[in-house]
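# Coordinates in review
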Amino acid sequence: MKIKVMKFGGTSVATPEARGQAALRVVSAVEQGFSPVVVVSAIGRRGAPYATDTLIQVLKEIDPTVQPDARELDLMVACGEILSAVIFAHTLKTMGRPGRAFRGGQAGIRTDDVFGNARIVGINPVTLLRTLEQGVTPVVCGFQGVYLPDGNWLGGELTTLGRGGSDTTAAALGAALKAHSIEIFTDVEGVKTADPDYVPRAPTLRQVSYDEVAEIAHLGAKVLHPRAAEIANRFNIPLRVKSTFSSDPGTEVVRTADANKRGITGVTHSGKLVYLQFDFGDVEPDHLRQLESSVYAMMARYGLNLFMMNLSPQGIGFAVPREQYPTAKDLLDGLVIPLDGPTSVVYLFQIGQVPSREAETQAELLGPLGTIRTVRIELTEGCTMVSLIGAEYLARPGIFYQVLNGLASEQISVLQTSDSDLSLSCLIPESELSRCVAYLHDMFQLHQVG
Amino acid sequence: MDQANITIPLDLNGGRSELEFERPRGISHLEVRTGFAQLQVQEIPEPLLDHRLEVLRRLSESGISIDFLKFTQEGLSCVVAQEDAVRIQGALEGVPGRVSVLPDRSILLVHAVNMRDEEGLAARVVSLAIASGAPLEQIGDMHDRILIVTTAEGAVRIQSELEKSGEALAR
C-alpha cells in the first residue's frame with residue numbers, strides 16, 4: 001500500500017470550488033495507485049466564519065476581561081477542523097470516493113497535556129490503516145490530538161498543537177503510517193525566495209533541504225511549519241509543498257546532502273517586535289551581573305520571549321514581541337532594585353528619556369533612602385526581523401559588511417543582528433520592511449534562483 | 001492493495017508500538033565549540049554607523065570571517081577564529097575606537113528546539129548563565145539555540161548551573 005498524506009490548508013478548503021479542486025487531487029492520487037490520508041485545516045483564514053480566530057472571538061466576546069480556560073479554548077477551536085473534515089469527507093463521497101472524518105484523537109494522535117501548544121508523543125495508526133484497508137479515505141482533523149490523563153483512552157482530553165499544527169499532524173501521520181510521501185497543499189506554488197507580498201515575482205524554490213525549509217519556516221515563511229519539516233527529516237519522508245490550484249510541481253524538500261547547492265536561499269521576515277536597550281553606564285561594576293541576572297530572571301518568570309539578546313559592559317538589550325510589551329513595560333518601568341556591597345545603591349528603571357508617572361512617583365518616594373541611580377531603557381517600537389537564509393555562503397568573510405553596508409546605502413537602519421549556521425537576521429524598523437526584503441532579494445539575485 | 005509492508009500495532013492503548021515524534025520541550029543538549037577569539041571595538045565616536053561599517057570593511061578586506069556580530073552601545077563585538085586573532089590588530093590599525101581581542105574563547109550553544117514556543121525559556125537560560133558567575137562576553141539567540149561566548153572554564157560552570165537547575169534535560 002503506497003500511502004500518501006495530503007494536507008490541505010485553510011484556503012484550499014475555504015469554498016465549495018476550492019474543496020472540489022482539493023478533492024479532485026485526492027481522487028487523482030487514488031487513480032495513480034496511492035492510498036491517500038487527508039489532513040485538513042479549519043475552513044478559511046482570519047475572519048472566515050469557522051476560522052480558528054473567529055471561534056476564539058466567540059468566547060472572548062462573552063466578556064473580554066475574562067480569559068477563557070486553555071482546555072475550553074482547545075475544545076472551541078477544534079470545532080473548525082472537525083467541520084472542515086466532515087465537509088471534506090462528504091465532498092469526497094459526492095464525487096464517488098468514500099471518505100470518513102476523524103478527530104485527531106480518533107486518528108490515534110496522542111499528545112502531552114499542554115493545552116493550546118501540545119506536542120505529539122505517539123500515534124497509533126491502527127484505525128487509519130483499517131479504514132484504508134476498507135477502501136475508504138480517512139480525512140483527519142489537523143492541529144489536534146488527545147491527552148490521556150491515565151494512559152487510558154477513556155476520558156481523553158482534546159488538545160491542540162499550536163501554530164502550524166495541521167502541518168505537524170500531516171508529517172507525524174506520514175511517519176506513523178510509513179507514508180510514501182507527504183504533500184502540503186496551500187494557495188502558493190511552493191516555498192518562495194521571499195514573501196510575494198513584498199517581492200511579487202519571487203521564484204518558487206524547486207528544491208530545498210529539510211534544514212533550509214525549517215530555518216525558512218522558523219524565520220517567518222508561513223508555507224510550512226518547522227515542526228513538520230523536523231519530523232519529515234527525522235523519518236526521512238519525501239515532502240512536497242505545492243498549490244491546490246495550479247499544476248506547478250511546487251517545492252521538493254530533500255536531505256541536505258541531496259539538495260541543490262546555492263549561495264543564499266531566500267529572504268524571510270518575522271515578528272512585530274519592540275526593542276529595549278538598557279543603559280548600565282551608571283551601574284556600579286560590582287552590581288552589574290546582579291542587575292543583569294535580575295532583569296533576565298524577571299523576564300523569565302513572566303514568560304516573556306526574548307529576541308536579539310546582547311550584552312556589553314555598557315548594558316544589555318533584547319526585543320520582545322509587541323503583544324508582550326505591555327507586560328514588559330509593567331515590569332520594568334518604575335522597577336526598583338536595591339543592591340548592597342561596597343556601595344549601597346537603589347536602582348530605578350525608567351523606560352524612555354522622560355519618566356512616566358510611575359517612575360516619577362517611585363523616585364519621589366525613594367528619595368529619603370539615599371543614592372538613587374536611574375537605569376534608562378531606550379525603547380524602539382515598531383521593529384521587525386529580516387533574515388537571509390543560506391549555508392556556507394553566510395560564513396564567507398565580508399558577508400556582514402556586504403549586507404549592512406548595502407542597507408546603510410539604502411538608509412535602512414539596522415538596530416541589531418543575530419546569526420547562526422544557516423541564517424543572518426537584522427532587526428529593522430517595520431516601516432522599512434518592504435524595501436529591505438526587496439533590496440536583499442535583489443542584492444543576492446534571488447530572481448535567478450529556482 | 002499491497003499489504004506486505006503494513007504492520008498494524010496490536011496495542012490499542014498505545015505504548016510500545018508507537019513512535020516518538022517530537023523532541024521534548026526545553027533544553028535538548030549543550031554543545032561547546034572552541035577555538036575562538038572575541039573581538040570588541042568600544043568607544044567608537046560618532047558617526048557610529050560609518051565607523052562600525054569601517055571596522056567591518058577592514059575585516060572583510062583582510063579576509064577575516066566573523067560570527068555573532070552584535071552592536072553594542074558605543075561599538076560592536078564579534079567572534080573570529082582563534083587563528084585570525086593575530087591578524088586583527090593589523091587589520092584594524094587606526095580605526096576609531098578601542099580595539100581589544102580576547103583569545104581562547106568558547107561558544108556554549110544551548111539547544112532547545114522551538115525555543116520561542118516555550119515562554120521565558122531564553123531569559124531563564126541567560127539568567128542562570130549570569131548567575132553561574134562565568135565570564136560572559138556576549139549572548140545571542142536563534143529559534144533553536146542560545147549562544148554564549150565565554151571561556152572554556154566558563155562553559156563548564158554554566159553547564160553545571162543549568163544542570164543543577166534542571167534546565168538541561170537528560171539526553
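Basis of the calculations
Residues numbered from 1 in each chain as written. Chains lettered and ligands numbered in written order. Predicted model: local features only at pLDDT ≥ 70, side-chain atom pairs only at ≥ 80, totals over all residues. Helix = DSSP H or I, 4+ residues; strand = E, 2+ residues; numbered from the N terminus. Buried ≥ 20, exposed ≤ 12 C-beta atoms within 10 Å, placed from the backbone. Contact = placed C-beta atoms within 7 Å. Pairing = 2+ DSSP bridges. Domains from an automatic or database assignment. Nonpolar A, V, L, I, M, F, W, Y, C, P; charged D, E, K, R; others polar. Expected span 1.5 Å × (residues − 1).

## Overview of the overall build of chain A
Each helix and strand counted, chain A has twelve helices and 20 strands in total. Overall, chain A is about 80 × 55 × 35 Å in size when its C-alpha atoms are taken along their principal axes. Looking at chain A as a whole, 53% of its 450 residues are labelled buried. Taking all contacts inside chain A whose residues are at least 6 apart in sequence as the whole, residues at least 24 apart take part in 72%.

## With respect to the pairing of strand β13 (residues 264-279) of chain A
Where a strand is regular, its side chains alternate between the two sheet faces. All names here are of chain A. Within β13, 13 of the 16 residues are buried, leaving the element largely enclosed by the surrounding structure. Here twelve bridges tie β13 to strand β18 (residues 372-390), and the two strands are oriented antiparallel to one another. Paired with Gln 277 across the two strands is Glu 378, which belongs to β18. One ladder, built from five bridges, connects β13 with strand β15 (residues 315-321); its direction is antiparallel. Counted as the bridge partner of Leu 276 is Phe 318 from β15.

## Observations concerning the environment of Asn 305 of chain A
Assignment of secondary structure puts Asn 305 of chain A in the loop between α8 (288-301) and β14 (307-312). Distance from Asn 305 of chain A to Val 320 of chain A, taken between C-alpha atoms, is 6.0 Å for residues 15 residues apart in sequence. Discounting residues that sit within four places of it in the chain, Asn 305 of chain A has contacts with Val 320, Pro 321 and Gln 324 of chain A together with Arg 116, Glu 119 and Ala 122 of chain B.

## Observations concerning the domain arrangement of chain B
Residue and element names in this part refer to chain B. Looking at chain B, the domain boundaries give domain 1 (29-33 + 106-164) and domain 2 (35-103). Between domain 1 and domain 2, the residue contacts involve seven residues of the former and seven residues of the latter. Mapped by element, the contributors of at least two residues to the side of domain 1 that touches domain 2 are β4 (98-111), β5 (138-142) and β6 (145-150). When its residues are assigned to classes, the side of domain 1 that touches domain 2 shows three nonpolar, three polar and one charged.

## Quick word on helix α5 (residues 165-176) of chain A
Along its twelve residues, α5 of chain A runs 16 Å from first to last C-alpha, staying within 8% of the 16 Å computed at 1.5 Å per residue. Positive phi shows up at Lys 178 of chain A, right after α5 of chain A, with a value of about 50 degrees.

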